[in-house]
Each structure stands twice: as C-alpha cells, then as structure tokens.
Amino acid sequence: MIRLSIVAAVAATLVATCGYAAESKIRIENGGRGIVGVLHLPDDVTSPPVVLMLHGFTGQKDEFPMATSQTGLFAHTAERLADVGIASLRIDFHGSGESDGRWEETTFSGQIQDAVLAFDYLQAIASVDNRRIGILGYSQGGLVGGHLAARRPEASAVVLWAPVTNPLSTYATIMGGETVQKALAEAPDKIVTAKLSWGGDTRLNAAFFKELPTVTPVGAIGSYPGPLRVIVGKRETIVTPQPAAGQILLDYHQGVEDLVEIDSDHDWNAGTTTQTVDEVLIPKSAEWFQTHLSAE
C-alpha cells in the first residue's frame, strides 16, 4: 500500500469561526495537483475524531446552498458535526472549487486519488485522532467514498448519501443515454458537451465517460470490513431505483451496516426547506459516526 509522501500545509490559518468550531483552509500538494479543503475543528476537544467529506458531481467542498439559509449543505453538516465533537475535512476535487486543474479533466479515478490523498493527510496531522477517521460521500462522492473505503479499509466508519452505484445508468439519466454512448466512442481527450437533467450543461473530456463501465463502487465496498450506513431518498429521481440502488451496497458489504430511507428527493428537500437535513439526514449521519468513531 502506497502511503502519503507529500507535505500538506495550512494555506490560511483561522479563516472563520462557526459556533463552537474553527475553520482552517488547507492545501495538499502532490506534484502540482494541489487539493484545497477546509478543516473544521470543534472547540475545546483534544484530538477529536474526524470525517472526510466528498462532494457530488459538479459540486464543491461546501456543496449546494440550501434554500432557506443559503449555507452550503456540507458547510452546514460540518458545523453540526462539530457540535457533537467531531472534526471534518471537506475538499474540492481536482478541477472543482479552489483546487488546481480544469473541470473538463475530471475523472472518477482522479477523484478517488484525491480522496486517498486527503485521507492520508488526516492520518499525518496532529490536530485530529488519526485512528478515528470516517468517510462521508454524497452522490458521486458516495461512489468515490466506496472506492476510498476499499483503498483505506482502516477507516473507522462510512456514511454514503444517495451514492452512485450504477454509473452507466445514473449518468445516462443525468446527461442522456445517447450522449453517453457517443462519448464512449470518442478519443479520451475529446471535449464532450452534455445537457444536465436539472438544467444547463457541462463540458467533460471523453475520458470521464470511458471510466463509467470500469468504476465499481458495489465491488469496492466488498473490500471494506468496517461499519457502513447508506442513506437514500424514497423520491429519488437521479440515483434510481431506490431503495434497491442503496441496498445493493449492503448486499456486497460484509460487516455492521444498515440502510436508512428518507422521504426526500436527491437533494434531501433542501431546495425548499432544511427540515429533512436538520431532523433526519444529519442526525442519522452524526449518530453513526458518534457510535463508531468513539474512543477505544
């Protein structure tokens, strides 16, 4: 197993104070592939457990702004985790947010590499308990989180929100089956423009599409022996069908596990209210981490 051989430096010290927690912006250097993230530490907690947060397709480290507050879903989750004494690191994948690279260069394998680098960063710093690291992945970040858990089976707990389990099906839903099929036949560096199911469009190298048949989050999770909680929305229209798309991960995973079904869409109803996020999604996630990241 290859371990971290890079230096991760704090690029900005204290950048914000949120309730009882402090945030620091960090940058992980890896041969020019710089990854930017936000380390959120709870106040007055010595060596807290920590959760690595992995954003979804076209997202960034704070995730989408929730309607009633305009606070990003991941930024809000980081605050609530800090309230119960859990630190977090939310990152921008290469080509997203503040990290180096161009969005067009995004690939699943590249994001998995970024996630491994971030996990290894957490294993190397003194401000968190390196033995108690959890993984939280949302949508495409859930696909990445499943592969990360296989690469770093020492992770203490995993929570996956609406994780992509059948990439070909999901991205055909998002960008259209005809677009996906055409992109699969292109040269890897060919730019493909695709219309998104929620509006607008995106541009990606065909290399992204060529990995759709080769990434296997269901197969990957079978290599992770630790506790796994999968949370899905009953009214999901992107990662479908539910709950089957979530249950399949549990079918292949061996160990402590469960499936939580929420009456929500893919965005946890946060387009109109934060009630589902605050009363179900975050509490169910924090509960899992509190149970399985507890000190030995």
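Since we're looking at a predicted model, the values are computed, not measured.

Caption draft 1: Focus on the packing of aromatic side chains. The final tally for this structure, using the stated rule, is 13 aromatic pairs. Centre to centre, the rings of phenylalanine 108 and tyrosine 171 are 5.6 Å apart; their planes meet at 70 degrees, and the pair counts as edge-to-face. Of this pair, phenylalanine 108 sits in helix H2 (residues 108-122) while tyrosine 171 sits in helix H4 (residues 167-175), and the two are 63 residues apart along the sequence. The interplanar angle of 80 degrees and the centroid separation of 5.5 Å between the aromatic rings of tyrosine 171 and phenylalanine 208 together place this pair among those described as edge-to-face. Here phenylalanine 208 lies in helix H6 (residues 206-210) and tyrosine 171 lies in helix H4, a separation of 37 residues in the sequence. An aromatic cluster is built from Phe57, Trp103, Phe108, Tyr171, Trp198, Phe208 and Phe209, whose rings are joined through pairwise contacts.

Caption draft 2: Representation of the pattern of salt bridges within the structure. A full pass over the atoms with the stated rule returns 19 salt bridges. Between arginine 90 and glutamate 23 there is a salt bridge, with the nearest N and O atoms lying 3.0 Å from each other. Taken together, the positions of arginine 90 in strand S5 (residues 87-91) and glutamate 23 in strand S2 (residues 21-28) put the pair 67 residues apart, joining distant regions of the chain. Classification of glutamate 23 as buried rests on a relative accessible area of 8%.

Caption draft 3: Representation of unusual backbone geometry. Here threonine 240 and proline 241 are connected by a cis peptide whose omega angle stands at -5 degrees. Tracing the sequence through the fold places proline 241 in the loop between strand S10 (228-233) and helix H8 (244-252). Omega for the bond connecting glutamine 242 with proline 243 falls within 30 degrees of zero, at 10 degrees, which places this linkage in the cis form. Here proline 243 lies in the loop between S10 and H8. In this structure, serine 47 is a non-glycine residue whose phi angle is positive, near 50 degrees. Along the chain, serine 47 turns up in the loop between strand S3 (35-42) and strand S4 (50-54).

Caption draft 4: Spatial organisation of H4. Among the residues making up H4, those that are buried are Pro167, Thr170, Tyr171, Ile174 and Met175. The buried residues of H4 occupy one face: seen down the axis, they fall within an arc of 110 degrees.

Caption draft 5: Representation of the packing of H4 against helix H5 (residues 177-184) in the model. Two elements in contact, H4 and H5, have axes separated by 7 Å at closest approach and are oriented at 115 degrees. Two secondary-structure elements touch here, H4 through Leu168, Tyr171, Ala172 and Met175 and H5 through Gly177, Thr179, Val180 and Leu184. Split into classes, the residues belonging to the contact of H4 with H5 amount to 6 nonpolar, 2 polar and no charged.

The rules behind the values
- Position numbers for residues count from 1 along each chain, tracking the sequence in the order it is written.
- Where totals are concerned, whole chains, interfaces and linings use all residues; where local detail is concerned, this predicted model gives features only for residues with pLDDT of at least 70, and gives and counts side-chain atom pairs only at 80 or more.
- Think of the side-chain values as coming from all heavy atoms in the structure, minus any hydrogens and water.
- For this analysis, a ring pair means two rings from Phe, Tyr or Trp (six-membered ring only for Trp) whose centres lie within 6.5 Å, classed as stacked if their planes differ by under 30 degrees, edge-to-face if by over 60, and tilted for the remaining angles.
- A helix here means a DSSP run of H or I that spans at least four residues, while a strand means a run of E at least two residues long, and both kinds are numbered starting from the N terminus.
- Salt bridge, as used here, is a side-chain nitrogen of Lys or Arg placed within 4 Å of a carboxyl oxygen of Asp or Glu.
- Partly exposed describes any residue whose relative accessible area lies between the buried limit of under 20% and the exposed limit of over 50%, with all areas from a 1.4 Å probe on protein chains only and scaled to the type maximum.
- For this quantity, the arc is that covered by the directions from the helix axis to the C-beta atoms.
- Geometry is summarised by axes, namely lines fitted to C-alpha atoms with helices restricted to the contacting stretch, and by angles between N-to-C directions that run from 0 to 180 degrees.
- In what follows, a contact means two residues having at least one pair of non-hydrogen atoms within 4.5 Å.
- Residue polarity is assigned by list, with Asp, Glu, Lys and Arg as charged and Ala, Val, Leu, Ile, Met, Phe, Trp, Tyr, Cys and Pro as nonpolar; anything else, Gly included, falls into the polar class.

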